Structures are given as structure tokens and as C-alpha cells.
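Structural overview
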Amino acid sequence: MLARVLLGLVLAVLSATVSAAATSDASLVVKVPLEHSRGSTAGSPNNTDKWLGIPFAQSPVGNLRFKSPVAITKPSHSVQDANQFGNACPQRPSDTLGAPLGEDCLFLNVWRPAGTRADAKLPVLVWFYVSLLPTEVTYPFSDFIHSGWSIYGRSRLQPFIRPNAANISKPIVFVSINYRVNTFGFLASSHVPIEDLDAGLQDQRLALAFLQDNVAAFGGDPNKVTIWGQSAGAGSAEAQIVFPAKQSHFRAAIFDSSTGPFKTAPPASTYDEPGKPYALLTEAVGCTSGPGSFECLQQVPFEV
């Protein structure tokens, strides 16, 4: 219930009046590292501009599967329509995701009050989605501690935002991000390079770094970023505080029904033992356990 109330408040904030010139097509074209993204106003609820499916990292496929995310470094001058959600990260199929499943899934979405100027410097609220089913595995010892509930989730939040509060005249920029979950985001083994453990949490961190560089173009203030998560999303938001980046990417956090980031985490080699998740995974897909198993898993077809 609290989450629904908070979501309603987000919508009320997005609906607030902003002193700005009328939105034009040109004002909805925003430059981000890979391309220029053209947003839209038509069809957006409560008079908001939106940009959907903006990539914030290179596609985590092939040799980048299970690896920590890689920033986009090759710019393009093309203009792409950002009016559809990107793929949902691999997880159990669900009719409620609102997007196809795919490994190429590191996208984020941006909403702002319609007509917001690029120099508005609005506060920014970033959503870490809830993951709905508990995992049956424990977690790797690494630079992060996984919250324990990231089996699946979605960043397609906007359709679930409903007005529950009056216009409070405090507009914001609202951002939802995708991050890898389950095996794709939290593969644990002594054969996984230590810098690639908990890739899903590293996805979140790279998305926040992307926003530091780019949210001002959408009218947001990079110095006024708040992260907000529910359940596993709250636990991962806590992990971002407990294990901070060298450079701060946000100023505040909201934890809703947190699972907590503090789990007893044995060494990653625990998962290589017979009957443990990594051993079961390699056996199931036909990879030989031991050295080379990680590279073998990277080459297994996604459909398997």
C-alpha cells in the first residue's frame, strides 16, 4: 500500500506546473552518448514528456555476458525515437512485464513534466524495481552484497503510477532503470572474475553514473538525485550506500519494504561444489566444470 501511495505522489509531482516554454519537437531531442534520443508527449499520462529505452551501457551479450557493465564510448549523431521500452532483462516470463525479454536490456526511461526547460535543474528520483520471487541461492562474497530477492523485475513503472495526491507544485524528473537479475546479474563462482561479481548492482551504479553525465539535458539536476527501491530494490539501494562509489552519484535514498543488503555470504567458491548453483548450471548446459567454465557459459545460446 505504501508503494502505491508513493507512486501516486510521483505522478502528482510529475503533473506539477513548471515555468517553461511550450514543448516543441526540437526540445524533445536529447543528446546522450550513443545517439540523439527523441522523446514524446502525446499519449503520456498526466501531461509528461517521456524518453523510453535509452541505452546506458553496451549490450551485455557474447563476451560481455555475466561481466560488469561497460560504458558506451562510441558516439553517434543519429536521432532515434525513444518511445518504446527496451527489453526486460532475462527472467521468468510474465504477462505484466510490458516488454520482450532479451539479454540486450541495459536501458533506462525518463519522464518529466511537459514543457520542462533543459536548464530547469529539477530534482531527480531514480527507481530500482522490486523483484517478486525469492531466490534459492545464497550470495557471493565481493565488493557488493546482493539483497537476495532479484529473480525478476521491470522498469516499466509508468503505467502503474496513479494520481493519489493533489498537485504539490514540486516537479521532478523521474527515471526507472533496468538491471540484470538472477544468474545473469548475480552469477557466483571462483571462476567468475572478482570484478564481475554482482554485475546487477554494478548495472545500477553505471546507470547512476550515466545520469550524472546526462540528466541535465532532460532538465534534471545531477546534484539532486535520490534513489528509491522496494524490496530487493530497496536492498540494492542500501548496498549502494554501504559500498559507495569513489564518486558520489546520488544525495539521498528511500527504502520501501527493504530486504536489507546484509546476507551471510560464503566465498564464491562455495557455489562450485557439487549440488550448488554454479555446478548445477554448468552441468545443465553441458559445460565442463573448472577453468574455462565461465567462458563456456558465455557462449551458451540464450534460448537454452
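Residues numbered from 1 in each chain as written. Predicted model: local features only at pLDDT ≥ 70, side-chain atom pairs only at ≥ 80, totals over all residues. Heavy atoms only, no water.

Using the following cut-off: UniProt positions are given in the numbering used here, feature names are shortened, and annotations may be inferred rather than shown by experiment.
The protein carries the name Carboxylic ester hydrolase in an unreviewed UniProt entry, which gives Phanerochaete carnosa as its organism. The Sequence similarities (unreviewed entry) comment attached to the protein in UniProt states, word for word, "Belongs to the type-B carboxylesterase/lipase family."

Looking at helix 4 (residues 232-242)
We apply this condition: Only protein chains enter the calculation, and the probe is 1.4 Å; a residue is then buried if its accessible area is under 20% of its type maximum, exposed if over 50%, and partly exposed in between. What counts as a helix is a DSSP run of H or I of at least four residues, what counts as a strand is a run of E of at least two, and both are numbered from the N terminus. The criterion used for residue contact is that any of the two residues' heavy atoms lie within 4.5 Å.
Buried residues dominate helix 4, accounting for nine of its eleven residues. Taken together, the buried positions of helix 4 are occupied by Ala232, Gly233, Ala234, Gly235, Ser236, Ala237, Glu238, Ala239 and Gln240. Turning to helix 4, the residues buried within the fold contact strand 6 (122-128), helix 3 (199-214), strand 8 (220-230) and strand 9 (252-256).

Observations concerning the pattern of salt bridges
Here is the rule we go by: The salt bridge definition used is simple: a Lys or Arg side-chain nitrogen within 4 Å of an Asp or Glu carboxyl oxygen.
As enumerated under the stated definition, the model contains five salt bridges in all. Among the salt bridges present, the one from aspartate 119 reaches arginine 117, with a minimum N-O distance of 3.2 Å. Classification of arginine 117 by relative accessible area gives partly exposed; the value is 42%. Its salt-bridge partner being arginine 180, residue aspartate 203 comes within 2.7 Å of it at the nearest N-O pair. Of this pair, aspartate 203 sits in helix 3 while arginine 180 is found in the loop between strand 7 (173-177) and helix 2 (182-186), placing the two residues 23 residues apart along the sequence. Residue classification places aspartate 203 among the buried residues on the basis of a relative accessible area of 0%.

Notes on empty space enclosed by the protein
Stated formally: A pocket here means an open set of points on a 1 Å grid, computed over the protein atoms alone, that has protein on both sides within 12 Å along at least five of seven lines. A cavity is instead a set of points where a 1.4 Å probe fits but cannot get out; residues with an atom within 4 Å of a point line either one. Grid points are joined across faces, edges and corners, and a volume is the space filled by probe spheres set on the points. Only Asp, Glu, Lys and Arg are considered charged, only Ala, Val, Leu, Ile, Met, Phe, Trp, Tyr, Cys and Pro nonpolar, and every remaining residue, Gly among them, polar.
The tally for this structure, following the rule as stated, stands at two cavities of 30 Å³ or more. In this structure, the second largest cavity spans a volume of roughly 40 Å³. Ala57, Gln58, Ser59, Pro60, Leu64, Lys67, Ser68, Pro69, Val70, Leu106 and Arg180 together form the lining of the second largest cavity. Class assignment of the residues belonging to the lining of the second largest cavity gives a composition of six nonpolar, three polar and two charged.

What to know about the nonpolar core
What counts here: The criterion is simple. A nonpolar core is a set of buried Ala, Val, Leu, Ile, Met, Phe, Trp, Tyr and Cys residues joined through side-chain atoms within 4.5 Å.
Membership of the largest hydrophobic core comes to 31 residues, with the highest contact counts inside it found for Trp51, Ile54, Phe56, Leu108, Val110, Val126 and Val175. Mapped onto this core, the elements with two or more residues apiece are strand 3 (48-55), strand 5 (107-113), strand 6, strand 7, helix 3 and strand 8. The greatest single-element share of this core, amounting to five residues, is contributed by helix 3. Ignoring anything within four residues of it in the chain, the contact list for leucine 108 reads Trp51, Leu52, Gly53, Ile54, Phe56, Val175, Ser176, Ile177, Ala207, Phe210 and Leu211. Ranked by size, the runner-up nonpolar core spans twelve residues in total, among them Phe184, Leu187, Ala188 and Leu297.

Quick word on the sheet that holds strand 9
Stated formally: Between any two strands, pairing holds if DSSP finds at least two bridges. Between N-to-C directions, angles span 0 to 180 degrees; the directions come from axes that are lines fitted to C-alpha atoms, helices contributing only their stretch in contact.
Spatially, six strands are ordered 3-5-7-6-8-9 in an open sheet, and the strand pairing comes out mixed. The open sheet terminates on both sides in strands that have one partner only, identified here as strand 3 and strand 9. Shown here is a sheet whose adjacent strand axes are inclined to one another by a mean of 20°, direction ignored. Pairing of strand 8 with strand 9, which is carried by five bridges, proceeds in the parallel orientation. For tryptophan 228, the partnering residue across the bridge sits in strand 9 and is isoleucine 254. Where helix 3 meets the sheet, its contacts fall on strand 3, strand 5, strand 6, strand 7 and strand 8, and the angle it forms with strand 6 comes to roughly 165°. Where helix 4 meets the sheet, its contacts fall on strand 6, strand 8 and strand 9, and the angle it forms with strand 8 comes to roughly 130°.

What about the packing of aromatic side chains?
This is how it is decided: Pairing of aromatic rings covers Phe, Tyr and Trp, the last counted by its six-membered ring, and requires centre-to-centre distances within 6.5 Å; plane angles under 30 degrees mean stacked, over 60 mean edge-to-face, and any other angle means tilted.
As enumerated under the stated definition, the model contains nine aromatic pairs in all. Arranged with centres 6.1 Å apart and planes meeting at 50°, the rings of phenylalanine 66 and phenylalanine 294 form a pair that is tilted. Residue phenylalanine 66 is located in the loop between strand 3 and strand 4 (79-81), and its partner phenylalanine 294 is located in helix 6 (residues 293-299); the two are separated by 228 residues in the primary sequence. The exposure classification of phenylalanine 66 matches that of phenylalanine 294, with both residues buried. Ring geometry for phenylalanine 85 against tryptophan 111: centres 6.3 Å apart, planes inclined by 50°, an arrangement best described as tilted. In this pair, phenylalanine 85 is assigned in the loop between strand 4 and strand 5 and tryptophan 111 in strand 5, connecting sequence segments 26 residues apart. Assessed through its relative accessible area of 1%, tryptophan 111 is described here as buried. Members of the aromatic cluster, connected to one another through ring pairs, are Phe66, Phe184, Phe294 and Phe302.

A few points about unusual backbone geometry
Within the chain, aspartate 198 stands out as a residue other than glycine whose phi angle is a positive 55°. Summarising the element assignment, aspartate 198 is placed in the loop between helix 2 and helix 3. Residue classification places aspartate 198 among the buried residues on the basis of a relative accessible area of 0%. Its identity as a non-glycine residue notwithstanding, serine 231 has a phi of 55°, on the positive side.

Quick notes on the pairing of strand 3
With eight of eight residues buried, strand 3 lies mostly within the body of the structure. Two strands pair when backbone bridges link them, and strand 3 and strand 5 are joined in this way by six bridges, in the antiparallel orientation. If you follow tryptophan 51 over to strand 5, its bridge partner there is valine 110.

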